Amino acid sequence: PENTMTPPLLYARERTAAGILDMSTKQFRDLVDSGALPAPCLIAPGVERWYVPDLDAIAKGDIPGGQIEW
């Protein structure tokens, strides 16, 4: 049988990252711009992505070491 497992998502584009935290893209970007949420990683020129495990930790209120530094 063919393996149909999808690898876990490690990095997400802005719309997906906002969805993980159940908010609009504008609300998400406003919080990022204000420093309340982490800035994206630049994975290639002009390509920003957010690290999903950090977003999951924020959503759960389970931030490793008491806080995420960004």
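Every value quoted in this text rests on a predicted model; they were computed, and no experiment measured them.

**Student:** I keep staring at the overall build of the protein chain and nothing clicks. Help me out?
**Tutor:** Within the protein chain one finds 3 helices and 3 strands. Per-residue burial for the protein chain yields a buried fraction of 19% across its 70 residues. Look at the contacts in the protein chain between residues 6 or more apart in sequence, and 43% of them connect residues 24 or more apart. Accessible surface, the protein chain: about 5200 Å² in total, of which carbon and sulfur atoms supply 52%.

**Student:** How should the packing of aromatic side chains be read in this particular structure?
**Tutor:** Centre-to-centre distance and the angle between the planes together describe a pair of aromatic rings. Using the criterion set out here, one finds 2 aromatic pairs in the structure. Judged by centre distance (5.2 Å) and plane angle (50°), the rings of Tyr 11 and Tyr 51 are tilted. In this pair, Tyr 11 is assigned in strand S1 (residues 11-12) and Tyr 51 in strand S3 (residues 47-51), connecting sequence segments 40 residues apart. A centroid spacing of 5.1 Å and a plane angle of 75° characterise the contact between Phe 28 and Trp 50, whose relative ring orientation is edge-to-face. With Phe 28 in helix H2 (residues 25-34) and Trp 50 in strand S3, this residue pair connects regions lying 22 residues apart in the sequence. The residues Phe 28 and Trp 50 share a single accessibility class, namely buried.

**Student:** Looking at this structure, how should I read the nonpolar core?
**Tutor:** A general trend in soluble globular proteins is that nonpolar side chains are found buried together. The biggest cluster of nonpolar side chains holds 10 residues, and these are Ala 12, Ala 17, Ala 18, Leu 21, Phe 28, Val 32, Leu 37, Trp 50, Val 52 and Leu 55. Those elements that place two or more of their residues in this core are helix H1 (14-20), H2 and helix H3 (52-60).

**Student:** In this structure, what is going on with the pairing of strand S2 (residues 41-44)? I would like to understand it.
**Tutor:** Residues in a regular strand project their side chains so that they alternate between the two faces of the sheet. One ladder, built from 3 bridges, connects S2 with S3; its direction is antiparallel. Bridge pairing links Ala 44 to Val 47 in S3. Hairpin connection from S2 to S3: 2 residues lie between these consecutive antiparallel strands, with Gly 46 at a positive phi of about 80°.

**Student:** Even after reading the chapter, I still don't get a nonpolar patch on the surface, so can you show me in this structure?
**Tutor:** On the surface, Leu 10, Tyr 11, Ile 43 and Tyr 51 cluster together to form a nonpolar patch covering roughly 380 Å² of accessible area. Tracing the chain through its elements places Ile 43 in strand S2.

**Student:** Quick question: what am I supposed to make of the pattern of salt bridges here?
**Tutor:** When charged atoms on two side chains of opposite charge get close, those side chains can pair. Taken as a whole and assessed by the stated rule, the structure comprises 4 salt bridges. Residues Asp 30 and Lys 26 are paired through a salt bridge, measuring 2.7 Å at the closest nitrogen-oxygen approach. A residue pair is termed a helical-turn pair when its members lie 3 or 4 positions apart in one helix, as Asp 30 and Lys 26 do in helix H2 at 4 residues. Judged by its relative accessible area of 58%, Lys 26 is exposed.

Reading guide: rules and limits
- Residues numbered from 1 in each chain as written.
- Predicted model: local features only at pLDDT ≥ 70, side-chain atom pairs only at ≥ 80, totals over all residues.
- Heavy atoms only, no water.
- Helix = DSSP H or I, 4+ residues; strand = E, 2+ residues; numbered from the N terminus.
- Buried < 20%, exposed > 50% of the residue type's maximum accessible area, 1.4 Å probe, protein only.
- Contact = heavy atoms within 4.5 Å.
- Areas by Shrake-Rupley, 256 points an atom, 1.4 Å probe, with all protein chains shown as cover.
- Phe/Tyr/Trp six-rings, centres within 6.5 Å; stacked < 30°, edge-to-face > 60°.
- Core = buried A, V, L, I, M, F, W, Y, C linked by side-chain atoms within 4.5 Å.
- Pairing = 2+ DSSP bridges.
- Patch = residues over 30% accessible without salt bridge, like charges linked within 9 Å, V, L, I, M, F, W, Y side chains within 5 Å.
- Salt bridge = Lys/Arg side-chain N within 4 Å of Asp/Glu carboxyl O.

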